[in-house]
Amino acid sequence: MEREKLITLDHVSKHFHVGKGQTLVAVNDISLDIYKGETLGIVGESGCGKSTLGRVVMGIYEATKGTITFEGKKLDLRRAKDKMEYARKAQIVFQDPYASLNPRMLVGSIIAEGMEIHNMYDREKRQERVYELLETVGLNREHANRFPHEFSGGQRQRIGIARALAVEPEFIVCDEPISALDVSIQSQIINLLKDLQKDHGFTYMFIAHDLNIVKYISDRIAVMYLGNLVELADSEEIYAHTLHPYSQALLASVPIPDPDREAGKKTVVLKGDVPSPINPKPGCPFAGRCPHAMEKCRTESPQLKEVRPNHFAACHLEME
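(A) Layout of the overall build of the protein chain. In terms of regular secondary structure, the protein chain is built from eleven helices and twelve strands. Since a compact globule built from 320 residues should have a radius of gyration of about 20 Å, the 21 Å found for the protein chain is in line with a globular shape. Expressed as lengths along the three principal axes of its C-alpha atoms, the size of the protein chain is roughly 65 × 50 × 50 Å. By the burial criterion, 48% of the 320 residues in the protein chain qualify as buried. Taking the contacts inside the protein chain whose residues are at least 6 apart along the sequence as the reference set, 64% of them involve residues at least 24 apart. Put simply, the protein chain shows about 16400 Å² of open surface, and 48% of that area lies on carbon and sulfur atoms. For the protein chain, the centre of its 40 positive side-chain charges and the centre of its 44 negative side-chain charges are spaced 4 Å apart.

This is the structure we're talking about:
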């Protein structure tokens, strides 16, 4: 059975001009599909462009190049009407639950704001919906009359999730939603997101740097390096048959909670520094740190190609 595409990114790039004729390439020529009801995990080290990609998909940043298609319709988010319609169908849960909630607004008003903007329900129904959403995310209706500073980090993130759910979206970008939380709270938020997806059929783009969490929640995983998509495959496949040297190094850095296995696991040592994303040089962006780099890697940019069934990698080594 063929999966139904919800979002298609076609050669999407995002550049920032940083003065003196220099351009920072935050997202570079990314093409991928996101299917209805799935969780696509986006992983990579800090600064690789994964959060920028999430913001481009959401329309917070305008893509410098390329197109985004949602439910078969090409998005033009420069048009206010299209942006408003898309905001009803796509929402985001931000990384920092302390900074993403307006400290001057009551929690009930924060959650109801989206419904008011989109003219959803009358006032009484909106209030009832706020109570329903608070209970859905594990809080209670009394919390509607409190301010954000009265809650813990995990509770604030639950409020952020309730706000995202308020307009009944189809697609939610989760931008490192647990990285600012205590480890003891992280699993609660992850399980909440999984339960919500099971009950409502949401499609997630889940951005994170914790590979164990990403493996647990994701159906497919996309690995980014310096703004480029270097590997894409099903979650189990990418862990069992990692192809790109950067992905291999990323996975090797994940600690194993077993001293004997941790001591015996294969290590991958990367040499050199991450190159600057400002005015990037030709060739593979990972060539300067890759232990398998060939001369070809320094002059030609590898394209993302299917190396194994539904397993894509951008690496000259795998194309040989």
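(B) Structural detail: the pattern of salt bridges. With the rule as written, the count across this model stands at 14 salt bridges. For D76, the salt bridge goes to R78, with nearest N and O atoms at 3.2 Å. Residue classification places D76 among the partly exposed residues on the basis of a relative accessible area of 25%. R141 is the partner of E135 in a salt bridge, and the nearest nitrogen-oxygen pair spans 3.7 Å. Here E135 falls in the partly exposed class, since its relative accessible area comes to 44%. Through salt bridges with shared partners, one network takes in E128, E135 and R141.

(C) Layout of the packing of helix α3 (residues 107-117) against helix α4 (residues 123-136). Closest axis-to-axis distance for the α3/α4 pair is 9 Å, and the angle between their directions is 120 degrees. With respect to their mutual orientation, α3 and α4 come out oblique. Here the hand of the crossing between α3 and α4 comes out right-handed. Across from V107, G108, I111, A112, M115 and E116 in α3, the residues of α4 making contact are R126, R129, V130, L133 and L134. In terms of residue class, the contact of α3 with α4 is made up of seven nonpolar, one polar and three charged.

(D) Here's a closer look at the sheet that holds strand β3 (residues 39-43). In spatial order, the strands read β6-β7-β8-β3-β9-β10-β12-β11; together these eight strands make up an open sheet with mixed pairing. Both edges of this open sheet fall to β6 (90-93) and β11 (305-308), since each of them pairs with a single strand only. Adjacent strand axes in the sheet meet at a mean angle of 25 degrees when their direction is disregarded. Where β6 and strand β7 (residues 171-175) come together, four bridges link them in parallel fashion. Looking across to β7, one finds that A90 is bridged to F171.

(E) Region of interest: the nonpolar core. Core analysis: the largest hydrophobic core is formed by 57 residues, its most contacted members being I111, I161, L165, L193, F206 and V223. With sequence-adjacent residues up to four places away left out, I161 is seen in contact with V93, V137, I189, L192, L193 and L196. In this structure, V27, V56, V57 and F171 belong to the second largest nonpolar core, which totals 30 residues.

What counts and what doesn't
Residues numbered from 1 in each chain as written. Predicted model: local features only at pLDDT ≥ 70, side-chain atom pairs only at ≥ 80, totals over all residues. Heavy atoms only, no water. Helix = DSSP H or I, 4+ residues; strand = E, 2+ residues; numbered from the N terminus. Rg over C-alpha atoms; globule rule 2.2 N^0.38 Å. Buried < 20%, exposed > 50% of the residue type's maximum accessible area, 1.4 Å probe, protein only. Contact = heavy atoms within 4.5 Å. Areas by Shrake-Rupley, 256 points an atom, 1.4 Å probe, with all protein chains shown as cover. Lys, Arg positive; Asp, Glu negative; His and termini not counted. Charge placed at Lys NZ, Arg CZ, Asp CG, Glu CD. Salt bridge = Lys/Arg side-chain N within 4 Å of Asp/Glu carboxyl O. Axes fitted to C-alpha atoms, helices over the stretch in contact; angles between N-to-C directions. Parallel < 35°, antiparallel > 145°, perpendicular 65-115°, else oblique. Left-handed = near helix turned anticlockwise from the far one by under 90°. Nonpolar A, V, L, I, M, F, W, Y, C, P; charged D, E, K, R; others polar. Pairing = 2+ DSSP bridges. Core = buried A, V, L, I, M, F, W, Y, C linked by side-chain atoms within 4.5 Å.

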